[in-house]
Amino acid sequence: MSARAAGTTHTGSRTAGTAQVTVLRRLLSQRATALALAAVALLVLVALAAPLITWLTGGSPTAFHGEAVDPALGGLPRGRAGGISAEHWLGVEPVNGRDVLARVVYGARVSLLIAVLATAVSTLLGTALGLLAGFLGGWADTLIGRLMDLLMSFPSLIFMIALISAAPGADRRLLLIMVLGLFGWPYIGRIVRGQAMVLARGEFVAAARVLGASRRTLLLREVLPNLTGPVLVVATMSIPACIATEAGLSFLGVGVQPPTPSWGQMIASAVPWYASDPAYFLIPGVLLFVTVLAFNVLGDAVRDALDPRSKPR
């Protein structure tokens, strides 16, 4: 490599590093964003450390503890606040006595895994097809655009329920990932398509084409790197939507099935007990609310941080 090329590479790396530091500073400059980032980091840590947490507390998401509930009271947990004790830090479920903390941390793992993988599927599909539609135009744009319109015209929640119910023996987690990814990519694809149409007519693309760059080079080295910001913002906003949708489907009984824990499933089973055991209803509900809120705040902050024209809120 020549000295000039080496200097150019070093300068480009330094510029990229400076841009990343600037984005991080903009993210942490607002207290709400810092709190949201801390909440998301804590959620990820809890999901990854779920086996360790349950080992330390001696709980299990599937083990029944009959001694922790009172049959004379219809299966209500013994003690106050849903059976909170030294053995069960967040209490136990009514009737079966399963440890709430163990099911909550494993439920976080399930929800986050499904949301992240479904977002990855929708992001890959939406970016690839939206890039092709916006850059190539013509029949490719027409075909992909009509496919987007077709998927977006479906009442997605009803179709998800019907599709998942039609495969009762399938792995629900894998099925949820594929269904959420399938219905999520058109929204990302539309944004990528619009950005790609603008970039394809840019002067830098025209200059690269004059210099003999192939279509593949134009797509992967000229247009795609400039789509990183919009794709990152949409992906960040898609994760909470997938978490909420998974919880809603599990609440309706067509999502994750017992004994695999899920926050939506826990909320559904807690509905008959909300008056007599409110802690069992509040714990997964509050965690779901805080998680979705934190991801939404973080998504807004990422969008603002990547847009130099935006002003701090």
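Residues numbered from 1 in each chain as written. Predicted model: local features only at pLDDT ≥ 70, side-chain atom pairs only at ≥ 80, totals over all residues. Heavy atoms only, no water.

Student: Teacher, can you tell me more about the packing of helix H4 (residues 100–136) against helix H11 (residues 263–270) here?
Tutor: Describing two packed helices takes the angle between their axes plus the distance from one axis to the other. Relative orientation of the contacting elements H4 and H11 amounts to 135°, with a least axis distance of 8 Å. Judged by the inter-axis angle, H4 sits oblique to H11. Side by side, H4 and H11 meet where Val100, Arg103, Val104, Gly107, Ala108 and Ser111 of the first sit next to Trp263, Gln265 and Met266 of the second. Broken down by class, the residue content of the contact of H4 with H11 amounts to five nonpolar, three polar and one charged. (Axes fitted to C-alpha atoms, helices over the stretch in contact; angles between N-to-C directions. Helix = DSSP H or I, 4+ residues; strand = E, 2+ residues; numbered from the N terminus. Parallel < 35°, antiparallel > 145°, perpendicular 65-115°, else oblique. Contact = heavy atoms within 4.5 Å. Nonpolar A, V, L, I, M, F, W, Y, C, P; charged D, E, K, R; others polar.)

Student: What should I look at first to understand H11 in this one?
Tutor: Because the α-helix completes a turn every 3.6 residues, residues three or four places apart line up on one side. Burial of H11 is extensive: six of the eight residues sit out of reach of the surface. Taken residue by residue, H11 has Trp263, Gly264, Gln265, Met266, Ile267 and Ala270 as its buried positions. Residues of H11 that are buried sit in contact with helix H2 (31–48), H4, helix H10 (228–251) and helix H12 (278–306). (Buried < 20%, exposed > 50% of the residue type's maximum accessible area, 1.4 Å probe, protein only.)

Student: Please explain the packing of H4 against helix H7 (residues 172–200) as it appears in this structure.
Tutor: Where H4 contacts H7, the two axes come as close as 5 Å, and the packing angle between them is 35°. Relative to H7, H4 is oriented so that their crossing is right-handed. (Left-handed = near helix turned anticlockwise from the far one by under 90°.)

Student: I tried to follow the side chain of arginine 103 on my own but got confused; where do I start?
Tutor: With respect to the helices and strands, arginine 103 occurs in helix H4. Within the structure, the side chain of arginine 103 is placed 2.9 Å from the side chain of glutamine 265, a separation counted as a polar contact. If we skip the residues at most four places from it in the chain, arginine 103 touches Pro61, Glu93, Arg98, Pro259, Thr260, Pro261, Gln265 and Met266. (Polar contact = N/O pair within 3.5 Å; in protein donor to acceptor, adjacent residues only side chain to side chain.)

Student: Would you explain the environment of glycine 130 in this entry?
Tutor: Tracing the sequence through the fold places glycine 130 in helix H4. Look at glycine 130 and you get buried, because its relative accessible area is 0%. As for glycine 130 and tryptophan 185, which are separated by 55 residues in sequence, their C-alpha atoms are 9.2 Å apart. Excluding its chain neighbours within four sequence positions, the residues that come into contact with glycine 130 are Leu125, Met148, Gly189, Val192, Arg193 and Ala196.

Student: When you look at H10 in this model, what are you seeing that I'm missing?
Tutor: A rise of 1.5 Å per residue sets the reference length of H10, with its 24 residues, at 34 Å; its end C-alpha atoms lie 35 Å apart and thus fit the reference within 8%. Downstream of H10 by one or two residues, glycine 253 has phi in the positive range, about 90°. (Expected span 1.5 Å × (residues − 1).)

Student: What is the right way to read the packing of aromatic side chains from this model?
Tutor: Here the structure, examined in full by the defined rule, presents two aromatic pairs. Measuring from ring centre to ring centre gives 5.5 Å for phenylalanine 159 and phenylalanine 183, while their planes differ by 65°; the resulting arrangement is edge-to-face. Taken together, the residues phenylalanine 159 in helix H6 (residues 156–165) and phenylalanine 183 in helix H7 connect sequence positions 24 residues apart. On the basis of relative accessibility, which here comes to 33%, the residue phenylalanine 159 falls in the partly exposed class. With a relative accessible area of 6%, phenylalanine 183 lands in the buried category. Feature note: the residues Phe154, Phe159 and Phe183 constitute an aromatic cluster, connected by ring pairs. (Phe/Tyr/Trp six-rings, centres within 6.5 Å; stacked < 30°, edge-to-face > 60°.)

Student: Any chance you could explain the environment of arginine 303 here in plain terms?
Tutor: Assignment of secondary structure puts arginine 303 in helix H12. On a C-alpha basis, the gap between arginine 303 and methionine 237 in space is 9.5 Å, while along the polypeptide they are 66 residues apart.

Student: Any chance you could explain the pattern of salt bridges here in plain terms?
Tutor: Side-chain pairs of opposite charge can arise whenever the charged atoms involved come near each other. Tallied over the full model, the rule gives seven salt bridges. Salt-bridge contacts for arginine 173 lead to aspartate 171; the nearest nitrogen and oxygen are separated by 3.8 Å. A cluster of three or more residues bridged by salt bridges with shared partners is formed by Glu93, Arg98 and Arg103. (Salt bridge = Lys/Arg side-chain N within 4 Å of Asp/Glu carboxyl O.)

Student: I'm lost on the nonpolar core in this one. Help?
Tutor: Within soluble globular proteins, side chains that are nonpolar tend to cluster in buried spots. Ranked by size, the top nonpolar core spans 40 residues in total, and within it Ile114, Ile164, Ile243, Trp263, Leu288 and Phe295 carry the most contacts. Put simply, the parts of the chain that give this core at least two residues each are H2, H4, H6, H7, H10, H11 and H12. If near-sequence neighbours (up to four positions away) are discounted, isoleucine 243 is found in contact with Ser111, Ala115, Leu288, Thr291, Val292 and Phe295. One finds Val192, Ala196, Val205 and Leu218 within the second-largest nonpolar core, a separate group that totals 15 residues. (Core = buried A, V, L, I, M, F, W, Y, C linked by side-chain atoms within 4.5 Å.)

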